[in-house]
Structure formats: C-alpha cells, structure tokens
Amino acid sequence: MKILHTSDLHIGKKLMGRERYAEYRAVLSELCSICRERGAELMLIAGDVFDTYTPSAEAEEIFYSGVKAIAEVCPVLIISGNHDDYVRLTAASALAQELNVYIVGNNLQAVKCGSNGKAFPVQSGCGWVIFENASGERVYINALPYPNEARFKEGRTDETFEEKAARWIATGEQGKAEKLPSIFLSHIFVAGGAVSDSEREIDLGGARAVPLTLLPACDYCALGHLHKRQRIGANAYYSGAPMQFSFDEAGAEKSVNFFDLTVDGVQNLINIPITSARRLIRLQANGADDGIVLLQSNAQYFVELTLNLSEPLTANQSAQLHQQENLVSLKAEVQSLQSGEERVSYKDKTASQLFSEYYKSRYGAEASAELLALFLSLTEEE
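Residues numbered from 1 in each chain as written. Predicted model: local features only at pLDDT ≥ 70, side-chain atom pairs only at ≥ 80, totals over all residues. Heavy atoms only, no water.

A word on the sheet that holds strand E2 (residues 42–46). The strand order across the open sheet built from six strands is E4-E3-E2-E1-E12-E13, with neighbouring strands paired in mixed fashion. With partners counted over all chains shown, the strands left at the sheet margins are strand E4 (101–104) and strand E13 (265–273), one partner each. Put simply, the sheet's adjacent strands are angled 20° from each other on average, direction ignored. Taken together, the four bridges between strand E1 (residues 2–6) and strand E12 (residues 255–262) define a ladder with antiparallel strand orientation. The residue bridging His 5 from the neighbouring strand is Asn 257, located in E12. Lying over the sheet, helix H2 (residues 57–71) contacts E2, strand E3 (76–79) and E4, oriented at roughly 140° with respect to E3. (Pairing = 2+ DSSP bridges. Helix = DSSP H or I, 4+ residues; strand = E, 2+ residues; numbered from the N terminus. Axes fitted to C-alpha atoms, helices over the stretch in contact; angles between N-to-C directions. Contact = heavy atoms within 4.5 Å.)

This part covers the nonpolar core. Core analysis: the largest hydrophobic core is formed by 43 residues, its most contacted members being Ile 3, Leu 44, Leu 77, Ile 141, Ile 183 and Phe 184. One finds Leu 9, Cys 32, Ala 96 and Met 243 within the second-largest nonpolar core, a separate group that totals 37 residues. (Core = buried A, V, L, I, M, F, W, Y, C linked by side-chain atoms within 4.5 Å. Buried < 20%, exposed > 50% of the residue type's maximum accessible area, 1.4 Å probe, protein only.)

A few words now on the sheet that holds strand E14 (residues 280–285). Spatial ordering of the open sheet is given by E14-E15-E16, a layout of three strands whose pairing is parallel. Each edge of the sheet is formed by a strand with only one pairing partner; in this case those strands are E14 and strand E16 (327–334). Between one strand axis and the next, the sheet turns by 15° as a mean value, whatever way the strands run. In this sheet, strand E15 (residues 302–309) lies alongside E14 in parallel orientation, the contact comprising six bridges. Within E15, the position partnered with Arg 282 by the bridge is Glu 304.

This structure, assessed with the given rule, holds 20 salt bridges. Lys 68 is paired through a salt bridge with Glu 72; the nearest N and O atoms lie 2.9 Å apart. Classification of Glu 72 as exposed rests on a relative accessible area of 59%. Here Lys 112 ties to Glu 98 by a salt bridge, and the two come within 2.5 Å at their closest N and O atoms. Of this pair, Lys 112 sits in the loop between E4 and strand E5 (120–125) while Glu 98 sits in helix H4 (residues 93–98), and the two are 14 residues apart along the sequence. Salt bridges sharing common partners tie together Arg 18, Arg 278 and Glu 325. (Salt bridge = Lys/Arg side-chain N within 4 Å of Asp/Glu carboxyl O.)

In contact at an axis separation of 9 Å, helix H1 (residues 21–38) and H2 are set at 10° when each is read in the N-to-C sense. In terms of orientation, H1 and H2 fall into the roughly parallel class. Residues Tyr 21, Tyr 24, Arg 25, Leu 28, Leu 31, Cys 32 and Cys 35 of H1 touch H2, and the partners they reach there are Glu 58, Ala 59, Glu 61, Ile 62, Phe 63, Ser 65, Gly 66, Ala 69 and Ile 70. (Parallel < 35°, antiparallel > 145°, perpendicular 65-115°, else oblique.)

So, about the packing of aromatic side chains. Across all of its chains, the model carries nine aromatic pairs by this definition. Note on Tyr 220 and Phe 259: the rings are 4.2 Å apart at their centroids and 25° apart in plane angle, and the pair reads as stacked. In this pair, Tyr 220 is assigned in strand E9 (residues 220–224) and Phe 259 in strand E12, connecting sequence segments 39 residues apart. Each member of the pair, Tyr 220 as well as Phe 259, is classed as buried. Pairwise contacts between aromatic rings join Phe 50, Phe 63 and Tyr 64 into one cluster. Sitting above the plane of the Phe 302 ring, Arg 278 keeps its charged end 4.2 Å from the centroid. (Phe/Tyr/Trp six-rings, centres within 6.5 Å; stacked < 30°, edge-to-face > 60°. Lys NZ or Arg CZ within 6 Å of the ring centre and 35° of its normal.)

Next up on the list: the packing of helix H6 (residues 288–297) against helix H7 (residues 315–322). Their axes nearest at 10 Å, the elements H6 and H7 cross at an angle of 5°. Judged by the inter-axis angle, H6 sits roughly parallel to H7. Of the residues in H7, those touching H6 at Ala 288, Gly 291, Ile 292 and Leu 295 are Gln 317, Gln 320 and Leu 321. Residues of the contact of H6 with H7, tallied by class, amount to four nonpolar, three polar and no charged. (Nonpolar A, V, L, I, M, F, W, Y, C, P; charged D, E, K, R; others polar.)

Below, the structure is given as structure tokens:
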C-alpha cells in the first residue's frame, strides 16, 4: 500500500503576526497533487491540523476544502495533536467519513468501516483501524492522538507518565488478531527528538518524553509533534511540518514521507519536498542601505535581517526598511559596549534553561530533576 505521512500543518499559525492563509491553501493543494501523481492509497496526518483550539473560520475552510480534495484521491486518516481541540476536530466525523476522511480524537472512537473508494477501513476498534486497498492489501494502524490525563479524562494517580503511555499505546494494539503490516500513528515527543523555535518547549527534562523503547513493534512509526524532519531509532519518523514556522528552520528542506508498506515491510521510502510555501532566510548587513538592497534582492523569501550598526537607526531608516514587504524581523546590533563589558544574551535559550539559571542565581544550587519536571508540567499546553 502506498502511503503519505505528514503532520503539524498548524493551519492559521502566523509568522510574527503575519497571516499565511494563502500558503496553507497552497500546501494542501500540493499535498493533493503529490497523492494523485504518486498514486497514494492512504494519507496520514499525525496531529496539529490547526494552530489553536479555536481556529478562525478561514482556517477551517482551508482545511475542509483541502482535505476533501485529497480524499477524492485517497482516504485520509487524521489524529488530533496538542494544538487541536479533539472534540471540535472530530465533531464533523459522521460527515467526514462519508467523504473518506477519518479522524481519531482522544475518545478513540472506532471509525466507520465499509467500501468507500479505492481504499477504505475494513475493521476498527478503540484506537485502531485496518485499511484495505483495491488489491486486497491490508495495513493495521495503531492511532494514538496527543496523550495526557486530561484528554483521556483520567484523574491523577501514582502511575508514572511512562506507565500511562505504555497503557495508552497498548490500547491501540488490541486489534492485532492477525499478522499484518503495521503502523503506529501518534502525536508524541519521543526522547531524543530535536525541537525548533516554532514549538513551545515540549516537555524537555523528561516530564512528558516517551522513551523509544515504549513504541510498539511495527513496520513504521508515523509521528507528529516535532517540526524538524528526523528519524529516531530504526523505524520512527517525524515527517516534520510542511512549512517553515521559525527562522531557526531557515535553509531546512520541508517535505513529506512517502513509502510502500508491504508484507516485507517498508519499501521505497523517500522524502518529497514541499515547495509551495514561502521560505524563510536569515540575512546580515552593515547598515540600513545595504539591508534594503539585500531585502530587495531576496524578495521571494520572508527575511530576518540583522543589521550591524555603529549607531542606532534613525526613524527614516527604520521606516524605509519596514516598507520592504518581505521583512518580518529586524534585529539591530549596535556595537556600543565599553571595553571589558560583557553582553548577556537570553536568545535561543529554552524555558527549562532559563528556569534552571534563575533557580541557581536565586538559591545557589542546581534545580532538582523533580522540580524541573514540575515546572515543565505547569507550562504544558493541554
């Protein structure tokens, strides 16, 4: 079965206050074209369809129209991520399933089975579904949306997060009555994954990290949550977000994973670049005039521009720079420190690093792992 894996669409997410609706629409159209041209038989979206619990009407329209077009080519299986309100996302499931779109939220409801196109669900249960294509090939999918106690409506217990994660993962394994090619589809942070600036710090320090050893035995782990494309272990893949959302991703190729899943396992796994979204770059210039020239010669990009200055910008220089449509972020570094004076920078530091530094400066000792885990759990986005 030919399968496309993507995640973290974050429809509606702004770039430092700038709307990007046209790009989201273009990306979904490009995904549809890839499915059609490659003969995809199933598309997996591993969570974070939207950027907020309450997406705008335009964001929802972009998603509904885009996923409908894709589903006319192949079925689409979606799980909710931590940015999605799973109740809202699954509210239209009864209608979506008629269009070959299947959404699994934290209620883990079985999807509707029956012939509905060239590929379709033939069996489903709590957190799992089996798809079959026109050739009779079947794939088992353990579908685990973003997991935490609140979403599964569980109270606090003495179980560790690892124990809970193991139990939640095991739920989706209960339908494996026969040996089939299989996929684990989830929106989780696997320990060791690399994060980017566009993500809120995702449980670093161990509070919500899932060890690689907890992932179920399967042919392919289709993961979402991290925006950088990466492979962890033998067969766990983050496809990464199909758009660049922060300037630390400047220069990084955005793509989707495409592969054949057969009785012999994963075959022909490739990364297919996504090119329809506007790319981000970082530029540096010595002075406002050079900066304007750079911006104009890179008009196709969104730009973070750093100016190395000997004196602050004038109001007129600042206005001229901001007249350039592609300037998103302007950083002016004025070299005015006195000899021997050091500049303290908090740039690129994570929340846990800032907390640890503050704790040490305040109490003269390192914060314990338990205290750091508690701090991270308080900042967790439910």
